[in-house]
Amino acid sequence: MYERIRNLREDHDLKQRELAEILNCSQRIYSNYERGDVDLPTEVLIKLARYYNTSIDYILGETDEIKRYSKKL
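Residues numbered from 1 in each chain as written. Predicted model: local features only at pLDDT ≥ 70, side-chain atom pairs only at ≥ 80, totals over all residues. Heavy atoms only, no water.

## Quick look at the nonpolar core
How we decide: Each nonpolar core is a collection of buried residues, namely Ala, Val, Leu, Ile, Met, Phe, Trp, Tyr and Cys, held together in the definition by side-chain atoms within 4.5 Å. Exposed residues in this analysis have more than 50% of their type's maximum accessible area, buried residues have under 20%, and partly exposed residues fall in between, with area computed by a 1.4 Å probe over protein chains only. Only DSSP runs of H or I covering at least 4 residues are called helices, and only runs of E covering at least 2 are called strands; the numbering of each starts at the N terminus.
I5, L19, Y30, L40, L48 and I59 are the most contacted members of the largest nonpolar core, which has 16 residues in total. Those elements giving two or more residues to this core turn out to be helix 1 (2–11), helix 2 (16–23), helix 3 (27–35), helix 4 (42–52) and helix 5 (56–60). Among the elements that make up this core, the one with the highest residue count is helix 4 (five residues).

## Description of unusual backbone geometry
Non-glycine residue D13 carries a positive phi angle of around 50 degrees. As for its placement among the helices and strands, D13 is situated in the loop between helix 1 and helix 2. The backbone of N24 sits at a positive phi, close to 60 degrees, despite the residue not being glycine. Of the residues examined, N24 reaches a relative accessible area of 68% and is grouped as exposed.

## Things to note about the environment of D64
The following threshold applies: Throughout, a contact is declared for two residues whenever any of their heavy atoms are within 4.5 Å. Think of a polar contact as two N or O atoms within 3.5 Å of one another; within protein, one of them needs to be a possible hydrogen donor and the other a possible acceptor, and neighboring residues in sequence only count if both atoms come from side chains.
Counting through the fold element by element, D64 comes out in the segment after helix 5. Setting aside anything within four residues of it in sequence, one finds D64 in contact with R4 and Y58. Reaching out from D64, the side chain makes a polar contact with the side chain of R4 at a distance of 2.5 Å.

## Quick word on helix 2
Note the following rule: Here the arc refers to the directions that run from the helix axis out to each C-beta atom.
The complete set of buried residues in helix 2 reads Q16, L19, A20 and L23. The arc enclosing the buried residues of helix 2, seen along the axis, measures out at 105 degrees, which places them on a common side.

## Observations concerning the packing of aromatic side chains
What counts, and what does not: Any two of the Phe, Tyr and Trp rings considered here, Trp counted by its six-membered ring, make a pair once their centres fall within 6.5 Å; the pair's planes then place it as stacked at under 30 degrees, edge-to-face at over 60, or tilted in between.
If you walk through the whole model with that rule in mind, you get two aromatic pairs. With a centroid separation of 6.3 Å and an interplanar angle of 85 degrees, the aromatic rings of Y30 and Y33 are classed as edge-to-face. Here the residue Y30 and the residue Y33 both occupy positions in helix 3, the gap between them amounting to three residues, near one helical turn. Here Y30 and Y33 have matching classes, each one buried. Geometrically, the ring pair formed by Y51 and Y52 is edge-to-face, given 5.2 Å between the ring centres and 75 degrees between the ring planes. What makes Y51 partly exposed here is its relative accessible area of 38%.

Okay, here's the thing in structure tokens:
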């Protein structure tokens, strides 16, 4: 999971500081997320999935499908 959030950030040419601002946290806290020192809170998982237009399952490593799920009505 932690490698995925680093790879997503790097694929979008973002620095940790920039993504921390998007998530409304410090760069140090975000760095802890990427290293796996701190578990990702649910609200951060949701924000990351929305920002990267992917699924929480992808971020958590439960699927290799990067595309976001479509909503079924």
